[in-house]
There are 2 protein chains.
Amino acid sequence: MKDEARQRRNRLYDHLKMSILTLRIAPGSDLDEAELSAAFGLSRTPLREVFREMAGEGYLDLRTNRGARVSEMSYTTLRDFFLAAPMIYGAILRLAALNATAAQVEALKGAQDDFRAALRSGSGADRALSNNRFHEITGVMAGNVYLLPSFNRLLIDHARISMTFYRPGDTKMVENVSEASAHHDEIIAAIEARDAERAAALAEAHWNLSRGHIEMFVMPDALTMPLGTLPGQAVAGG
Amino acid sequence: MKDEARQRRNRLYDHLKMSILTLRIAPGSDLDEAELSAAFGLSRTPLREVFREMAGEGYLDLRTNRGARVSEMSYTTLRDFFLAAPMIYGAILRLAALNATAAQVEALKGAQDDFRAALRSGSGADRALSNNRFHEITGVMAGNVYLLPSFNRLLIDHARISMTFYRPGDTKMVENVSEASAHHDEIIAAIEARDAERAAALAEAHWNLSRGHIEMFVMPDALTMPLGTLPGQAVAGG
DNA sequence: CGCATACAATTTGTACACAATTTTTTTTTT
DNA sequence: AAAAAAAAAATTGTGTACAAATTGTATGCG
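Computed from a predicted structure; not experimentally measured.

Participant: In this structure, what is going on with the overall build of chain A? I would like to understand it.
Facilitator: Looking only at helices and strands, chain A features 10 helices and 2 strands. In chain A, the succession of α and β elements from N to C terminus is α-α-α-β-β-α-α-α-α-α-α-α. In terms of overall dimensions, chain A has a C-alpha envelope of 70 × 50 × 30 Å along the principal axes. Considering chain A as a whole, with its 238 residues, one finds that 33% of them fall into the buried category. When contacts within chain A are restricted to residue pairs at least 6 apart in sequence, those whose partners lie at least 24 apart make up 73%.

What follows is the structure in structure tokens.
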């Protein structure tokens with residue numbers, strides 16, 4: 001066995017995936033072939049193949065003669081996201097409930113344990129990654145090759161959106177996230193019971209929660225300020 | 001301008017795409033790097049990048065240390081296909097009706113002209129390709145990055161399924177196809193009228209037609225044969 | 001000083017050689 | 001003659017050198 005090269009390749013893939021999902025590499029960032037090549041001990045040929053692969057999955061954008069960059073996010077994509085997510089995820093969970101194997105259910109429970117652990121003690125990145133893992137497993141459970149490409153594309157930006165908008169300080173958001181965790185438990189139960197309808201309904205509820213999460217961030221409660229006073233340094237600095 | 005290499009690359013891509021969609025290269029076929037490399041005047045490096053790109057899009061499957069093959073089709077994929085297609089295509093057409101630009105509508109009309117021409121005089125391959133083009137344009141109209149990956153994946157197998165099951169001799173199937181053409185016209189009208197609901201409804205009708213098409217092939221009307229006689233050479237040969 | 005052009009440096013794309021792996025053929029053994 | 005082992009051939013994967021393109025910088029001119 002002499003597949004060290006394959007391992008380095010996978011390490012690069014995992015590193016990029018993790019970094020992109022957690023926003024450690026920001027959307028729109030340029031990737032430096034030479035730097036990554038040196039860092040991971042891969043020549044540029046296999047490195048570029050990884051780039052192409054990840055471009056196909058939606059992590060990267062490749063521009064001819066102008067290198068690779070992390071795929072962009074904008075408020076347009078945010079809108080598209082919430083348009084597509086409930087439908088796709090509803091379909092995925094419906095099929096997951098119908099098709100999941102016992103082993104997959106165990107894997108899902110494991111992922112949910114990790115997610116809960118991340119909620120208690122982990123960083124935002126851990127939270128986003130373990131949540132991502134949970135949803136990835138539901139995708140595998142559904143096992144429909146035609147739905148998976150869009151679903152996995154959604155999961156990428158789901159992680160990035162949740163990294164963008166989550167602020168652990170905000171009490172409402174903490175409540176929100178523990179509600180999401182409760183949803184996960186209910187999803188597991190619905191899948192185990194092979195209750196496709198309930199699984200689909202939970203998907204919708206789950207995404208509505210997510211949407212509320214972001215609305216709360218984008219359109220917060222206005223500051224209450226008596227008429228006539230003007231916001232000074234204290235407000236801007238605080 | 002010295003991008004001959006880029007052109008050769010695109011030619012390879014187009015050749016493979018066309019060959020796969022029309023079943024000129026059968027599902028599961030192995031692709032020979034050396035042969036294609038020679039035929040298209042590309043070294044193996046860019047050739048393999050094209051492979052990876054097309055694997056991401058669903059045309060090819062890449063197996064490490066064992067080369068590329070055209071992605072498989074089975075009756076399982078057929079089932080998955082008809083599970084996913086109406087939903088995705090309904091969503092695409094709904095969004096297409098809402099977002100289509102005038103230029104895109106013109107492009108769609110052009111594609112429909114080509115499709116009609118292919119119905120009259122063209123080969124089965126021309127029919128499948130022009131139909132594919134029509135649907136691809138609706139995907140662009142919708143302009144939702146999260147739905148497109150699955151949609152385009154569906155279109156690949158839509159073309160291949162229609163190549164598999166279409167038999168121009170069968171009268172019912174000819175009727176079926178001209179009904180599909182009528183659907184296209186209605187779809188164009190719905191999009192121009194920005195009637196999202198109607199567009200979505202047409203999508204469902206269109207796929208039900210396609211499904212009937214295949215059911216007819218897979219489960220044909222039984223041969224009527226008096227009890228006691230047995231089918232001879234004449235039946236097998238005709 | 002602003003702008004255009006030419007040149008240098010960097011980055012990206014391709015070709016080719018060689019290494020690693022799999023597949024086929026030949027040889028050996030029972 | 002069938003099965004196993006070894007060798008040869010073919011195929012796939014990676015590293016490196018060089019070609020092509022882009023970006024940045026300096027220089028000249030109005």
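Additional details are given in the paragraphs that follow.
Participant: Help me understand the relation of the copies chain A and chain B in this model?
Facilitator: Put simply, the two copies of the chain differ by a rotation about an axis and a shift along that axis. When chain A is fitted to chain B, the residual RMSD is 0.1 Å, and the transformation amounts to a turn of 180° plus an axial shift of 0.0 Å. In symmetry terms, the pair is related by a two-fold rotation axis. In this assembly, 100% of the residues forming the interface of chain A have copies in chain B that are likewise at the interface, indicating an isologous arrangement.

Participant: Got a minute to help me understand the interface of chain A and chain B in this structure?
Facilitator: In many analyses, interface size is given as the accessible surface area lost on bringing the parts together. On the chain B side, the residues contacting the 22 residues of chain A number 22 residues. Contributions of two or more residues to the side of chain A that touches chain B are made by α3 (44–57), α4 (75–99) and α7 (148–165) of chain A. Across the side of chain A that touches chain B, the residue classes tally to 10 nonpolar, 5 polar and 7 charged.

Participant: Would you mind going over helix α1 (residues 4–21) of chain A with me for this structure?
Facilitator: Note on helix geometry: an α-helix contains 3.6 residues per turn, so any two residues three or four positions apart are oriented the same way. Residues and elements named next belong to chain A. For α1, with 18 residues, the first-to-last C-alpha span of 26 Å sits near the 26 Å given by 1.5 Å per residue. Restricting attention to buried positions, one finds in α1 the residues Leu-12, Leu-16, Ile-20 and Leu-21. For α1, the arc enclosing every buried residue in end-on projection is 150°, short of the 170-degree limit, so these residues lie on one face. Summarising the geometry of α1, the exposed residues directed more than 90 degrees from the buried face are Glu-4, Gln-7, Asn-10 and Asp-14. Looking at the buried residues of α1, the elements they touch are α2 (33–40), α3, β2 (68–70), α6 (124–142) and α7. Just past α1, the residue Leu-23 takes up positive phi, approximately 65°.

Participant: Hey, could you run me through the packing of α6(A) against α7(A) in this one?
Facilitator: Residue and element names in this part refer to chain A. The interhelical angle for the contact between α6 and α7, taken along N-to-C directions, is 165°, at an axis separation of 10 Å. Taken together, α6 and α7 sit at an angle that is classed as roughly antiparallel. Relative to α7, α6 is oriented so that their crossing is right-handed. On α7, the residues that touch Gly-124, Ala-128, Asn-131, Asn-132, His-135, Glu-136 and Gly-139 of α6 are Leu-148, Phe-151, Asn-152, Leu-155, Ala-159, Ser-162 and Met-163. When the residues that make up the contact of α6 with α7 are grouped by side-chain class, the tally is 6 nonpolar, 7 polar and 1 charged.

Participant: It is not clear to me how the environment of Lys17(A) should be interpreted in this structure. Could you clarify?
Facilitator: Position of Lys17(A) relative to the elements: it lies in helix α1. The exposure class assigned to Lys17(A) is partly exposed, which follows from the 17 C-beta atoms found within 10 Å.

Participant: What is the right way to read the domain arrangement of chain A from this model?
Facilitator: Per the domain assignment, the segments making up chain A are domain 1 (7–70) and domain 2 (75–216). Contact with domain 1 of chain A, which involves 8 residues of that partner, is made by 11 residues of domain 2 of chain A.

Participant: Quick question: what am I supposed to make of the UniProt feature "domain: HTH gntR-type" (unreviewed entry) in chain A here?
Facilitator: In the numbering used here, UniProt assigns the "domain: HTH gntR-type" (unreviewed entry) feature to residues 6–73 of chain A. Counting secondary structure, residues 6–73 of chain A comes out at 56% helix and 9% strand; the distance between its end C-alpha atoms is 31 Å.

Participant: Mind showing me how you'd approach helix α3 (residues 44–57) of chain B here?
Facilitator: If you check α3(B), its first and last C-alpha atoms are 20 Å apart, about what 14 residues at 1.5 Å a residue would give, namely 20 Å. Buried within α3(B) are the following residues: Arg48(B), Val50(B), Phe51(B), Arg52(B) and Met54(B). Those residues of α3(B) that are buried lie in contact with α3 of chain A together with α1 (4–21), β1 (60–62) and β2 (68–70) of chain B. Positive backbone phi, approximately 100°, marks Gly58(B), located one or two places after α3(B).

Participant: Sorry, what's going on with the environment of Ser29(B) here?
Facilitator: As for its placement among the helices and strands, Ser29(B) is situated in the loop between α1 and α2 (33–40). Sequence-distant contacts of Ser29(B), defined by excluding residues within four places in its chain, comprise Arg69(B) and Val70(B).

Participant: Mind showing me how you'd approach the environment of Glu204(B) here?
Facilitator: Residue and element names in this part refer to chain B. Tracing the sequence through the fold places Glu-204 in helix α9 (residues 196–218). With 15 C-beta atoms packed within 10 Å, Glu-204 lands in the partly exposed category. Between the C-alpha atom of Glu-204 and that of Ile-187, which follows or precedes it by 17 residues, the distance is 11 Å. Setting aside its immediate chain neighbours within four residues, Glu-204 contacts Pro-86 and Gly-90.

Participant: Please clarify how unusual backbone geometry should be interpreted in this entry.
Facilitator: Residues apart from glycine generally show negative phi values, whereas peptide bonds are mostly found in trans. A positive phi angle is found at Arg194(A), which is not glycine, with a value near 55°. Checked against the element boundaries, Arg194(A) lands in the loop between α8 (171–192) and α9 (196–218).

The rules behind the values
- Residues numbered from 1 in each chain as written.
- Chains lettered and ligands numbered in written order.
- Predicted model: local features only at pLDDT ≥ 70, side-chain atom pairs only at ≥ 80, totals over all residues.
- Helix = DSSP H or I, 4+ residues; strand = E, 2+ residues; numbered from the N terminus.
- Buried ≥ 20, exposed ≤ 12 C-beta atoms within 10 Å, placed from the backbone.
- Contact = placed C-beta atoms within 7 Å.
- Least-squares fit on C-alpha atoms with pLDDT ≥ 70 in both.
- Nonpolar A, V, L, I, M, F, W, Y, C, P; charged D, E, K, R; others polar.
- Expected span 1.5 Å × (residues − 1).
- Arc of directions from axis to C-beta.
- Axes fitted to C-alpha atoms, helices over the stretch in contact; angles between N-to-C directions.
- Parallel < 35°, antiparallel > 145°, perpendicular 65-115°, else oblique.
- Left-handed = near helix turned anticlockwise from the far one by under 90°.
- Domains from an automatic or database assignment.
- UniProt positions renumbered as here; feature names shortened; annotations may be inferred.

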